[in-house]
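Remarks on the overall topology
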Amino acid sequence: MSDANRHERLAAYADGELAPELVRDVEQLLDRDASAKAEVERWQALRAAAQRGLDNEPVPAGLESRLLARLRAQSGHRGPRLIRLGAPWLAVAAALILAVTYWPQGAQATAVEAGGFAKIYRACAHQHRHDDFRLREMKEMNCAKALAQIRKTVPFKCDLPDMTACGKFYVDGACVCAPAEGLPVVHVYFRNREDPQHVVSVFIVDRCVKLCANGEQCGGCCGGHRKYVAGKDGDVNVLCWTEKGRSYLLACGRLDRHQLVAMADNVKLAATMNGK
Amino acid sequence: MAKTDENSFEELALPHVDLLYRVARRLTRHDHEAEDIVQETFFKAYRAFGRFEMREFGIRPWLLKILNNTFLNRQAREKKAPKSTDHVTLEQTQADESVISPPELDYDHLDEEVKQALDGLKTEFRTVMLLWATSELSYQEIADILDVPIGTVMSRLHRARQNLVRALEPYAREQRIVQVKSQE
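Fair warning: this is a prediction, and the values are worked out from it, not measured in the lab.

**Here's the deal with the overall build of chain A**
Scanning chain A from terminus to terminus reveals eight helices and 12 strands. Looking at the 276 residues of chain A, the share that counts as buried comes to 38%.

Put into structure tokens, the structure is as follows:
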């Protein structure tokens with residue numbers, strides 16, 4: 001392998017994009033050559049730095065609301081007229097339109113039974129140990145590899161939770177089993193290193209979810225810095241919150257509601273995972 | 001457009017506003033222009049939503065494709081279109097330079113340097129790198145967004161990565177000098 005080929009293959013491997021017939025060769029190289037392994041890590045670190053640079057780009061306050069107002073105004077057959085969103089008078093106008101049209105939006109959240117999430121927690125994480133993304137098979141699975149593996153398949157930006165501050169949990173598997181038909185969900189479950197029966201499921205839903213029990217919306221509760229909706233199914237507590245236009249849920253049969261709230265308060269949405 | 005389509009467009013498209021703005025901002029390097037492009041992108045997407053098929057990758061690549069086309073159209077209108085680097089030139093340029101790997105650096109604290117290096121790239125390389133930086137996109141998705149073959153994405157990525165790495169080298173040298181001095 002020439003130097004140029006080697007660098008290109010390692011870069012493509014770091015991206016999870018190397019042709020399948022070349023993966024074996026590269027993995028053998030990584031096993032015997034520490035410098036190659038370090039290079040893969042540097043490519044991944046470079047990409048992560050580039051991604052952070054993009055993620056940290058500040059977005060003007062109220063952009064989404066203003067855009068929504070303009071879209072709704074347009075759908076009222078008032079012809080699209082391109083105007084600068086930053087204009088102060090528009091912000092006022094947009095706010096007025098928004099006040100009339102936006103708030104009923106909450107009613108559009110998809111109602112999902114807490115029992116549906118609890119069922120997946122019991123079945124996928126405990127019984128079948130679903131692992132659609134074959135994370136368990138991955139040699140020396142690290143955070144970046146697991147994340148890249150999931151993101152290759154999942155058709156939405158999947159901000160996986162960073163459980164580092166929640167105890168000694170590692171990612172044991174992930175699947176796309178959904179509690180309702182057509183609901184775009186990633187279910188990742190974390191297992192405690194010291195107590196393998198202690199499992200916490202995290203669901204990332206690519207839309208806003210209204211957590212229900214027997215058809216009635218569940219009650220809210222406040223954490224340290226988030227507002228949650230809490231449900232229960234048998235011994236499984238389910239906690240839901242919405243952030244960045246998506247709903248995130250925790251489910252656990254070992255933790256009561258207060259413990260689950262404390263855990264959720266420590267969860268950061270980040271492009272990293274607490275790998276094994 | 002039917003009311004249900006309108007609702008589903010909002011539900012599907014609006015969560016991607018921030019990403020679209022960030023990409024637009026880095027492409028244009030201008031706040032207001034970025035907002036205008038995002039707005040135009042959403043209007044176009046809204047009007048074309050009836051023809052949109054969810055397919056396997058979801059709505060995000062489709063929106064990014066519209067955004068990229070909107071940006072390129074504006075550039076062309078303003079006669080600022082970047083000169084395209086044809087394949088032959090690209091290959092020749094590559095042949096002239098040795099291929100290098102990323103320098104050893106603490107990338108966790110280099111976000112600003114990487115950002116500046118990216119912003120210094122030519123538009124076509126900057127675009128492919130920004131799409132690459134949204135790490136949930138595969139090479140195939142990037143190819144679909146840019147409407148080019150996947151081989152072109154790979155060669156642009158290769159070239160862009162090399163430029164990025166070269167741009168970081170002076171910083172790596174500086175860091176090494178600082179380290180040596182501190183050891184002395």
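**What to know about unusual backbone geometry**
Phi is positive for N214(A), which is not a glycine, with a value near 55°. With respect to the helices and strands, N214(A) occurs in the loop between β6 (209-213) and β7 (216-217). If you check the backbone angles, D147(B) has positive phi at about 60° while not being a glycine. Structurally, the position occupied by D147(B) is in the loop between α8 (139-146) and α9 (150-183).

**Quick notes on the packing of helix α3 (residues 31-48) of chain B against helix α4 (residues 60-77) of chain B**
All names here are of chain B. For the pair α3 and α4, interaxial distance at closest approach is 9 Å and the crossing angle is 125°. By the angle between their axes, α3 is oblique relative to α4. Of the two elements, α3 crosses α4, and the hand of that crossing is right-handed. In this structure, α3 uses I37, E40, T41, K44 and A45 to contact α4, whose residues at the interface are L63, I66, L67, T70, F71 and R74.

**Quick look at the interface of chain B and chain A**
Taken together, the contact pairs 46 residues of chain B with 47 residues of chain A. Considering every element that reaches the side of chain B that touches chain A, the biggest residue donor is α3(B), with eight residues. Partitioned by chemical class, the residues of the side of chain B that touches chain A number 20 nonpolar, nine polar and 17 charged.

**Some details on the nonpolar core**
Of all hydrophobic cores here, the largest spans 64 residues; its most connected members are L20(B), A24(B), L63(B), L67(B), V128(B), M129(B) and I142(B). The residues touching L67(B), leaving out its near neighbours within four places in the chain, are L20(B), V23(B), A24(B), I37(B) and T41(B). Ranked by size, the runner-up nonpolar core spans 55 residues in total, among them A114(A), C166(A), V200(A) and C218(A).

**Observations concerning the confidence of the model for chain A**
For chain A, mean pLDDT is 78; residues scoring 70 or higher make up 80% of the total. Ignoring residues within four places in sequence, the model shows residues 271-276 of chain A, a span with pLDDT below 50, making 27 contacts including any to other chains.

**Points about the sheet that holds strand β1 (residues 110-113) of chain A**
Residue and element names in this part refer to chain A. The strand order across the open sheet formed by three strands is β1-β6-β7, and the pairing between neighbours is mixed. With one partner strand each, in any of the chains shown, β1 and β7 form the two edges of the open sheet. Along the sheet, helix α6 (residues 114-127) contacts β1 and β6; its crossing angle with β1, the most-contacted strand, is approximately 55°.

**Points about the environment of C252(A)**
All names here are of chain A. Residue placement: C252 occurs in strand β11 (residues 246-252). For the pair C252 and A118, spaced 134 residues apart in the sequence, the C-alpha separation amounts to 7.9 Å. In this structure, C252 is in contact with V200, V236, N237 and L260, ignoring residues within four places of it in sequence.

**Focus on the sheet that holds β11(A)**
All names here are of chain A. Pairing is antiparallel across the open sheet formed by seven strands, whose spatial order is β3-β4-β5-β11-β10-β9-β8. Each edge of the sheet is formed by a strand with only one pairing partner; in this case those strands are β3 (169-175) and β8 (219-222). In this sheet, adjacent strand axes meet at a mean angle of 25° when their direction is disregarded. Bridge count between strand β10 (residues 236-243) and β11: seven bridges; the pairing is antiparallel. Within the sheet, the bridge partner assigned to V238 lies in β11 and is A251.

Scoring rules and cut-offs
Residues numbered from 1 in each chain as written. Chains lettered and ligands numbered in written order. Predicted model: local features only at pLDDT ≥ 70, side-chain atom pairs only at ≥ 80, totals over all residues. Helix = DSSP H or I, 4+ residues; strand = E, 2+ residues; numbered from the N terminus. Buried ≥ 20, exposed ≤ 12 C-beta atoms within 10 Å, placed from the backbone. Axes fitted to C-alpha atoms, helices over the stretch in contact; angles between N-to-C directions. Parallel < 35°, antiparallel > 145°, perpendicular 65-115°, else oblique. Left-handed = near helix turned anticlockwise from the far one by under 90°. Contact = placed C-beta atoms within 7 Å. Nonpolar A, V, L, I, M, F, W, Y, C, P; charged D, E, K, R; others polar. Core = buried A, V, L, I, M, F, W, Y, C linked by C-beta atoms within 7 Å. pLDDT = per-residue confidence, 0-100. Pairing = 2+ DSSP bridges.

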